[in-house]
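Observations on the model geometry
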Amino acid sequence: MTRPLHRFTGLILGLFLTVVALSGAALSVLPALESWGAGGLDMTAAELVSRVTAANPGVEEILVSAAGRVTAYTADATLVVDPVTGAGSPVPAPGAWVTWAENLHRSLFLGDAGRIAVAVLAAAMLGLSATGLRLLARRAGGWRAVLAPQKGRGWARTHAEVARAAALALVLSSLTGLWMTASTFDLLPAAESPDFPAQVSGLTGAALPLDFPASQLRDLTFPRDAQDAFALTTTEGSGYIDQGTGATLAWVAPTWADRVSAWAQLLHTGQGAAVLGLVLGLAALTTPFLAVSGALMRSLGRRQSFASAQAADTVILVGSEGGSTWGFAQTLARALRAKGGQPHLAPLSDFAPETWPQAKRLLVLTATYGDGEAPASAGDVLSRIKTLPKAPAIPLAVLGFGDRSFPRFCAFAEELAAAAHAKGWPRLMPLASVDRQSAQDFARWGRDLGAALGMELSLDHEAPLPATDRLALISRRDYGADLQMPAAILRFAAPKRGLWARLTGQGAFQPGDLLGILPEGSTVPRFYSLASGSRDGFVEICIRRHEGGLCSGQLHAMKPGDQVRAFVRPNPAFHAGDRPLILIGAGTGIGPLAGIIRGARQPARLFFGMRHAASDYYYAEDLAEWQAQGRLTGLHLAFSRGNRPHYVQDALRLEAEALREAVARGARIMVCGGREMGAGVRATLSDILSPLTLDRLAKEGRYAEDTY
Amino acid sequence: MTTLSQVLTASTALAGALVLPGLAEARQVTLTTELANYGGDGAYLAFYVTDASGKYMGSLWMSGGRSKYYRHLSGWEQASGGDPAEVAGITGASVGQGQTLTLTLDLADSLFDAGYVLHVDAAVEHMRDSPDEIAVPLTAAGVSAKGGTYIAKLSYKS
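A few points on the structure. All chains use their own residue numbering, which begins from 1 and follows the written sequence. Chain letters and ligand numbers both follow the written order, the letters beginning at A and the numbers at 1. Local features in this predicted model are restricted to residues whose pLDDT is 70 or higher, and side-chain atom pairs enter the listing and the counts only when it is 80 or higher, whereas totals over whole chains, interfaces and linings include all residues. Hydrogen atoms and water are omitted, and side-chain values are computed over all heavy atoms in the structure.

Section: the overall build of chain B
For chain B, the count of helices and strands is two helices and nine strands. Starting at the N terminus and walking to the C terminus, you meet the elements of chain B as α-β-β-β-α-β-β-β-β-β-β. Think of it in three bands: residues with accessible area under 20% of the maximum for their type are buried, residues over 50% are exposed, and the middle band is partly exposed, with areas taken using a 1.4 Å probe on protein chains only. Across the 158 residues in chain B, those meeting the buried criterion constitute 49%. In chain B, the proportion of contacts linking residues at least 24 apart, taken out of those at least 6 apart, comes to 68%. In this description, accessible areas are obtained by the Shrake-Rupley approach with a 1.4 Å probe, and a residue is regarded as covered only by the protein chains that are shown. When the accessible surface of chain B is split by element, carbon and sulfur atoms take 51% of a total near 6,500 Å². Here a helix means four or more residues in a row that DSSP labels H or I, a strand means two or more in a row labelled E, and each is numbered from the N terminus. Contact definition: two residues touch when any of their heavy atoms are within 4.5 Å.

Observations regarding the overall build of chain A
Counting secondary structure elements, chain A contains 20 helices and 24 strands. Here chain A, with 708 residues, has 48% of them falling under the buried criterion. Pairs at least 24 residues apart make up 69% of the contacts formed inside chain A by residues separated by at least 6 positions. Accessible area of chain A: about 33,200 Å², with a carbon and sulfur share of 57%.

What about the packing of aromatic side chains?
Pairs of aromatic rings are described using the distance from one ring centre to the other and the angle between the two planes. Each aromatic pair joins two rings of Phe, Tyr and Trp (for Trp, the six-membered one) with centres within 6.5 Å, and gets the label stacked for planes under 30 degrees apart, edge-to-face for over 60, and tilted for any other angle. Evaluation of the coordinates by the stated rule reveals 17 aromatic pairs over all chains. Relative to Y618 of chain A, the ring of Y479 of chain A lies with its centre 5.0 Å away and its plane at 90 degrees, an arrangement referred to as edge-to-face. Residue Y479 of chain A is located in strand β14 (residues 469-479), and its partner Y618 of chain A is located in the loop between β21 (604-610) and α16 (620-629); the two are separated by 139 residues in the primary sequence. The burial state of Y479 of chain A is the same as that of Y618 of chain A; both residues are buried. Ring geometry for Y38 of chain B against Y150 of chain B: centres 5.0 Å apart, planes inclined by 90 degrees, an arrangement best described as edge-to-face. In this pair, Y38 of chain B is assigned in the loop between β1 (26-35) and β2 (44-50) and Y150 of chain B in the loop between β8 (143-146) and β9 (151-157), connecting sequence segments 112 residues apart. Note on Y38 of chain B: relative accessible area 10%, which makes it buried. Three or more aromatic residues link up through ring pairs in this structure, and these residues are F328, F401, F442 and W445 of chain A.

Some points on the pattern of salt bridges
All names here are of chain A. In what follows, salt bridge is the name for a side-chain nitrogen of Lys or Arg lying within 4 Å of a carboxyl oxygen of Asp or Glu. Tallied over the entire structure, the rule returns 25 salt bridges over all chains. One salt bridge in this structure joins R696 and E700, with 3.0 Å as the shortest N-O distance. Since its relative accessible area comes to 34%, E700 is described here as partly exposed. The structure contains a network of salt bridges with shared partners spanning R491, D536, E540 and R598.

Brief notes about helix α12 (residues 439-453) of chain A
Residues and elements named next belong to chain A. For α12, with 15 residues, the first-to-last C-alpha span of 21 Å sits near the 21 Å given by 1.5 Å per residue. Along α12, the positions that sit buried rather than exposed are A439, D441, F442, A443, W445, G446, L449, G450 and L453. Considering only its buried residues, α12 is in contact with α9 (324-338), β11 (361-367), β12 (396-402) and β13 (432-435). Where α12 begins, one side-chain oxygen reaches toward the backbone nitrogen of Q440, 3.2 Å away; that side chain belongs to S438. Of the residues flanking the end of α12, it is G454, one or two places downstream, whose phi is positive at about 70 degrees. Between the first and last residue of a helix there are one fewer steps than residues, each counted as 1.5 Å, and that sum is the expected span. Throughout this description, a polar contact denotes any pair of N or O atoms lying within 3.5 Å of each other; where both atoms belong to protein, one of them has to be capable of donating a hydrogen while the other can accept it, and for residues adjacent in sequence the pair is counted only when both atoms sit in side chains.

What to know about the pairing of strand β23 (residues 668-673) of chain A
All names here are of chain A. Extensive coverage of β23 is indicated by the burial of six of its six residues. Side chains R668, M670 and C672 of β23 all project onto a buried face; the interleaved residues I669, V671 and G673 project onto the opposite face, where all are buried too. Being paired, for any two strands, means DSSP has found at least two bridges between them. Note that strand β20 (residues 581-586) and β23 share five bridges and pair parallel. Along β23, the bridge assignment pairs I582 with I669.

With respect to unusual backbone geometry
Negative phi values dominate among residues other than glycine, just as trans dominates among peptide bonds. Along the chain, S690 of chain A connects to P691 of chain A via a cis peptide bond; the corresponding omega equals 10 degrees. With respect to the helices and strands, the residue P691 of chain A is situated in the loop between α19 (675-689) and α20 (694-699). In this structure, H126 of chain B is a non-glycine residue whose phi angle is positive, near 65 degrees. Tracing the backbone through its elements, the reader meets H126 of chain B in the loop between β6 (117-123) and β7 (130-137).

Considerations on the nonpolar core
Residues L45, F47, W76, L154 and Y156 of chain B are the most contacted members of the largest nonpolar core, which totals 43 residues. Elements with a contribution of two residues or more to this core: β1, β2, β3 (56-63), β5 (100-108), β6, β7, β8 and β9 of chain B. With six residues, the top contributor of residues to this core is β2 of chain B. The residues touching Y156 of chain B, leaving out its near neighbours within four places in the chain, are V29, T30, L31, F112, L118, V136, P137, L138, T139, G142 and V143 of chain B. Counting residues in each nonpolar core, the second largest holds 30 residues, with F351, F409, L416 and W425 of chain A among its members. Among buried residues, the Ala, Val, Leu, Ile, Met, Phe, Trp, Tyr and Cys ones that are joined through side-chain atoms within 4.5 Å form a nonpolar core.

Focus on the sheet that holds strand β24 (residues 703-707) of chain A
Residue and element names in this part refer to chain A. Here we have five strands laid out as an open sheet, ordered β22-β21-β20-β23-β24, and parallel in their pairing. The open sheet terminates on both sides in strands that have one partner only, identified here as β22 (632-639) and β24. Across the sheet, the mean angle separating the axes of adjacent strands is 10 degrees when strand polarity is ignored. The pairing of β23 with β24 spans five bridges and is parallel. Paired with C672 across the strands is D706, a residue of β24. Helix axes are fitted to C-alpha atoms over the stretch in contact, other axes to C-alpha atoms as well, and angles between N-to-C directions run from 0 to 180 degrees. Sheet strands touched by α16: β21 and β22. Its angle to β22, the strand with the most contacts, is close to 145 degrees. Sheet contacts for helix α18 (residues 656-664): β20, β21 and β23; angle to β20, the most-contacted strand, approximately 130 degrees.

Regarding the interface of chain B and chain A
Listed by partner, the interface residues are 17 residues for chain B and 24 residues for chain A. Summed over both partners, the accessible area lost on bringing two parts together, with a 1.4 Å probe, is the buried area. Of the roughly 1,700 Å² buried where chain B meets chain A, counting both sides, 32% is carbon and sulfur surface. If you sort the residues of chain B by the area they bury against chain A, R66, Q78 and R128 of chain B come out on top, with a joint share of 41%. Linking chain B with chain A are five salt bridges, by the criterion used here. The partner of D132 of chain B in a salt bridge is R224 of chain A, with the nearest N and O atoms 4.0 Å apart. Inspection of the region where chain B meets chain A yields nine residue pairs in polar contact (both at pLDDT 80 or more). Going through the elements one at a time, α2 (74-80) and β7 of chain B are the ones with two or more residues in the side of chain B that touches chain A. For the side of chain B that touches chain A, a count of residues per class yields three nonpolar, six polar and eight charged. Just so you know the grouping, Ala, Val, Leu, Ile, Met, Phe, Trp, Tyr, Cys and Pro go in nonpolar, Asp, Glu, Lys and Arg go in charged, and all remaining residues, Gly too, go in polar.

Here it is in structure tokens:
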């Protein structure tokens, strides 16, 4: 229920929350403007009062705001007073916009009904924060992971990260706002105002009992005539002081609710805490963004359904979080329709076998959410499968979508297939998976599906491409010509980013992110790990030319000045983070690791496997320089060609003791290279670090792999 | 720009609130209060009557419904004791700047030309309280008076 509750609340109230939040953000600058240049109040109230009265004849009332601003009223002027000299200067009236924004913020211009509506909105914001936090924990894979860098990409990830940053402030604003509403409606036990004394001395000229800090003074109103008294308000209460004797004639102390209200006022408005006010205002500014990004996440869920459920011979159910799995499902549905089939496409949450009378097979394409949970469009399908009275007769195939660098790759697809199997549900095909939206993985599964259905099925999935930039090659360093293994480090000019992009971080990238390159004559991008960050001011990759490789061939043939179409895809799972680093790479896998060392603030040690120092020792000069600078604290090389073949796994074993120690101290391990090398390193590390498991480290964000 | 924001009869309230000698004869009084453009939110206004020595006789009207803010009408509060029951049933909304409040009251004949004084306190959020902004004698001939901070003009005629 958490997700629908969160979504519907956000969708329905998003606009109103935005209005209240933006008006609040506008008001949040007032305390900062007010406290700008306000001097300190390090004096007693008596001193302050005597300075103000000496410098401003005819003062009738002195007011001290929680922010420390001193205002004096005379019969015909309002003066802002410098508390040090007592000198007053006329104060401009607050702008009309302040009253306008306050009334909008409190009551949407609707009086008491509006105040109640705004209170409901504040309560809704609390609910959104609570449900959002729960979703965040589910998404991240546990409460501990909430504070870790968020996985995934697109609106869902940005929504999660922005919400996480603003949540505490939004909760604080909502809670204090609710309290203030309760106070306005007199629902709290506030102190009564003091009764005016029945008798005054009738004398004048006493020294007032004002020997407390001036910052605690709130208001002092001077008597109008001999029968009047001083009216005094401080943080400790309010009452009347006799002008002839200085005696306190009446006094009322604040109740606990009054004290809480004073704090709520301070925290909500920032009056007396200008910086906090600005922080809360900034957090409020995220509200429209959260509303819009949340709505966009939702609209990704609506798709074309092809044939109706009644008429379908093939039912395709989709479990998708960000929406990319839908694209694959549509490619599949189109291919089946082209073969004369009647596919029906629906979210996994629409699982209802009794509504598919004509269906001959069920195909489930599903991603995994966070740490193995059901993705957005899956609903509670798992429990519905588990509680089926008996398994449907039509056979089932499950295809999982995920990212192998995540700790629980395709865990939800596995669980779903296992639940179906336990029910005795007939299987059309074994469980298969698609790694990082690989079109190749998907095409392979399509061929297997075609074989199972007795038809030729070709699934050419082209994921919608992000906008590309044209990158011009600046320089290249060549390697490996003598081993018939041509490779190069290519450095491109970074695409220009406008001021807005720089401010918002758009187009920023880090080593470990992916550079998608569109080779001439193809619409399918190839991905390379970036060996530089946007701060370096250039885009660098390390590539090897493969026999017959279209993209690597074109890249390797580039001369300085040549251009290539490319875009960046974030890969936060392979960012450096801030822990000490153990970097393990082989071949061109050194690229992102070198980029990480170049940009890292923390110490790093590198295990680097290559064939021969003379042929493929990429980044040799840089590594030597970084070692001399002390940013690379250990460099362990392994050469697989030569008299004594040595692999990176061997280098790890030699340093087993040091590795265990570094991991015990909290180091993060990052592995980059070919898939075989990755498997070898994983096995070796599991050995060395036992009983600590890599799964465990991965969950703590301390083990990351980028293998290809 | 002025608008007519309030027309009402306060006879019942007065009969209960004011202890007056000989309440036999009453006359209808129209009380008009024009607010200045003081650049703030709606004003709370307290209308009340004292005798010549300042002794509280009763309240005529309260503009502003939230009793927690009545402490800012300190003239009324000191005179009346600040009990919200004093204005129960004779309370309306606060009055916006530039607006005109018109009250139609049935007042006892004996209140006029007998030294009684009509007081008006005013208060606006974020702005200085203005107790006793207006104090005019109750006379059968009627009165027109200029205010101070928030009230541009007050007049009544019977």
